[in-house]
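Here are the chains, one letter per residue:
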Amino acid sequence: MFENLKIEWFSNPSKNILAGIVVALALIPEAIAFSIIAGVDPMVGLYAAFIIATTTSIVGGRPAMISGAAGAVALIVTPLVRDHGVEYLFAATILMGIIQLILGILKIGRLMKFIPRSVMIGFVNALAILIFMSQLEHIFGISISTYMYLIITLLIVYIVPKFFKTIPAPLIAIIILTALYMYTGANVRTVGDLGSITRAFPHFLIPDVPFNVETFKIIFPFSLSMAVVGLVESLLTAKIVDDATDSYSNKNKESRGQGIANVITGLFGGMGGCAMIGQSIINVRSGANSRLSTFTAGIVLIFLIIVLGDIVVQIPMPILAGIMIMVSVGTFDWQSFKYIKQAPKSDAVVMLLTVIIVLFTNNLALGVVVGVIFSALFFATKISNVRVELNQQDKNYLYYFKGQIFFVSIDSMMEQLDFTIENSHIELDFTDAHLWDDSAVDAIDTIVKKFEDKQNSVYVKQLNADSRKIISELSQLNERHLN
């Protein structure tokens, strides 16, 4: 246990601390922006970023992953804040956390295995595009100085790691260019232009809402949506960090950790949140591999707010935009263009559909759900091809069934049978077939009945163990039909 604790917390501490500092600086404009989207004070998002990051670093299941106030969650609660106020947001966030905690206890993480690779690729690419597009407002139509700061940031982040890796390149860019701005006063937008920062710690509060059924009816739909969206985004991000770090994480523990973090943030005046893939990738690419980086990000964030708030608001936005653009370029799976050409058409369609849904709805979870549904439909169609071969000798008919028999494949199977046969001996051979559901059992019952209605003797033979079991439990056939 001690060895595991050492690996998760103190593996390469210097790199993890430096990575956490970079992430803390990148979290500030994101948290403020998401607060604006939700229609609340910027401090609501900043407090959420601090609390969720520090809490998940301790109780979460994925070391080195960054969680905080997230855009997908902010979009969901905008109508709630507009119609009922921020206190209802806090109450909804607490309920969101309780739902996630319950889902984690129920081992929701097991559902990750049902997300195919094509959906994962689409999710990553859509996210990369969204990250890139979200930075455009901080770049274009502002000033020449903005373009200059952006270009210099891109050059630093791209070139410096080739020669110097001790300090993360994004941190170097932030320190040098912020100092340059403070000295020259260039015409660029800064973090302070997004919203004001109050230099104060979050404090414990009980949401000022009536604790009754009416309040529950108001907040439950929002809480459920936030919980599901937050978990989908968090578990997919955890999988991406797994792949990037060649390690495994406990998805059920992560689900529970997200729930605990959201309960706490709701009790301390923060909005709901989840894993943030952009910041997580910044963290990992800055050398992070332990919980210390996530914990550092949260602690440094509150330090920046309380102690260095006057300096933080002077960080030029084109620096942070440049860092996020490099993240989006690194996140995008550039092998996707080859994948579209080489992969089965159904997989390519699922990948593109996932990207399109996410971009049009700005909802990562919806894109993933639609992608999984279509992937399942394509798979069901692909395996629904049941072949039926007939071997006839006089009045003896032997039908060989080959394939997976379930609700999708039944119609095509039935069409291959000749129900005009009369006064004959018919055997149905399932040596190379498998019955999967009650629809398959009902189909076999129907076939036998139709043949027997024409005065045929019908026998079902060579069922495998699982098929025979489901037949014995659900079928109307009796022992005389089974060989």
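Structure: above.
Predicted, not measured: the structure shown is a model, and the values here were computed from it.

Turning next to helix H3 (residues 42-59). With 18 residues, H3 ought to run about 26 Å at 1.5 Å a step, and its terminal C-alpha atoms sit 26 Å apart, in line with that. Across the 18 residues of H3, 16 count as buried, placing the element largely inside the fold.

Looking now at the environment of Asn362. Mapped onto the elements, Asn362 comes out in the loop between helix H16 (345-361) and helix H17 (364-382). The class of Asn362 is partly exposed, set by a relative accessible area of 35%. Distance in space between the C-alpha atoms of Asn362 and Leu46 is 22 Å, their sequence separation being 316 residues. When residues no more than four places from it in sequence are discounted, the contact partners of Asn362 are Leu75, Leu130 and Ile357.

Before going further, it helps to examine a nonpolar patch on the surface. Taken together, the side chains of Phe132, Met133, Val329, Trp334, Phe337, Ile340, Leu352, Ile356, Leu359 and Phe360 define a hydrophobic patch exposed on the protein surface, amounting to about 1,000 Å² of accessible area. Residue position: Met133 is located in helix H6 (residues 117-135).

The next point concerns the side chain of Asn16. Looking at the secondary structure, you find Asn16 in helix H2 (residues 13-38). Taking the relative accessible area as the measure of exposure, Asn16 reaches 0% and is therefore buried. A polar contact of 2.8 Å, which involves the side chain of Asn16, links it to the backbone oxygen of Asn12. Within the local environment of Asn16, its side chain forms a polar contact with the backbone nitrogen of Asn289, the two atoms lying 2.8 Å apart. Residues within four places of Asn16 in sequence aside, it is in contact with Ser11, Ala288, Asn289, Ser290, Leu292 and Ser293.

Let us look at the packing of aromatic side chains. All chains considered together, the criterion is met by 12 aromatic pairs. Each ring, one from Phe204 and one from Phe268, has its centre 5.6 Å from the other, and the planes form 75 degrees; the classification is edge-to-face. Of this pair, Phe204 sits in the loop between helix H8 (169-184) and helix H9 (213-245) while Phe268 sits in the loop between helix H10 (251-267) and strand S2 (273-275), placing them 64 residues apart in sequence. Their ring planes at 55 degrees and their centres at 4.7 Å tell us that Phe332 and Trp334 sit as a pair that is tilted. Pairwise contacts between aromatic rings join Phe332, Trp334 and Phe337 into one cluster. Looking at Lys162, its charged tip hangs above the ring of Tyr158, at a distance of 4.7 Å from the centre. Lying over the aromatic face of Phe419, Lys450 brings its terminal NZ or CZ to 4.9 Å of the ring centre.

Let's shift gears to the nonpolar core. Judged by nonpolar contacts, the single largest core of 106 residues is most densely connected at Ile28, Leu46, Phe123 and Leu301. Apart from residues lying up to four places away in sequence, Leu301 is in contact with Ala24, Leu27, Ile28, Leu46, Ala49, Phe50 and Thr296. Core analysis: the next-biggest nonpolar cluster, separate from the first, contains 31 residues, Tyr397, Ala433, Ile471 and Leu477 among them.

The rules we used
- Residues numbered from 1 in each chain as written.
- Predicted model: local features only at pLDDT ≥ 70, side-chain atom pairs only at ≥ 80, totals over all residues.
- Heavy atoms only, no water.
- Helix = DSSP H or I, 4+ residues; strand = E, 2+ residues; numbered from the N terminus.
- Expected span 1.5 Å × (residues − 1).
- Buried < 20%, exposed > 50% of the residue type's maximum accessible area, 1.4 Å probe, protein only.
- Contact = heavy atoms within 4.5 Å.
- Patch = residues over 30% accessible without salt bridge, like charges linked within 9 Å, V, L, I, M, F, W, Y side chains within 5 Å.
- Areas by Shrake-Rupley, 256 points an atom, 1.4 Å probe, with all protein chains shown as cover.
- Salt bridge = Lys/Arg side-chain N within 4 Å of Asp/Glu carboxyl O.
- Polar contact = N/O pair within 3.5 Å; in protein donor to acceptor, adjacent residues only side chain to side chain.
- Phe/Tyr/Trp six-rings, centres within 6.5 Å; stacked < 30°, edge-to-face > 60°.
- Lys NZ or Arg CZ within 6 Å of the ring centre and 35° of its normal.
- Core = buried A, V, L, I, M, F, W, Y, C linked by side-chain atoms within 4.5 Å.

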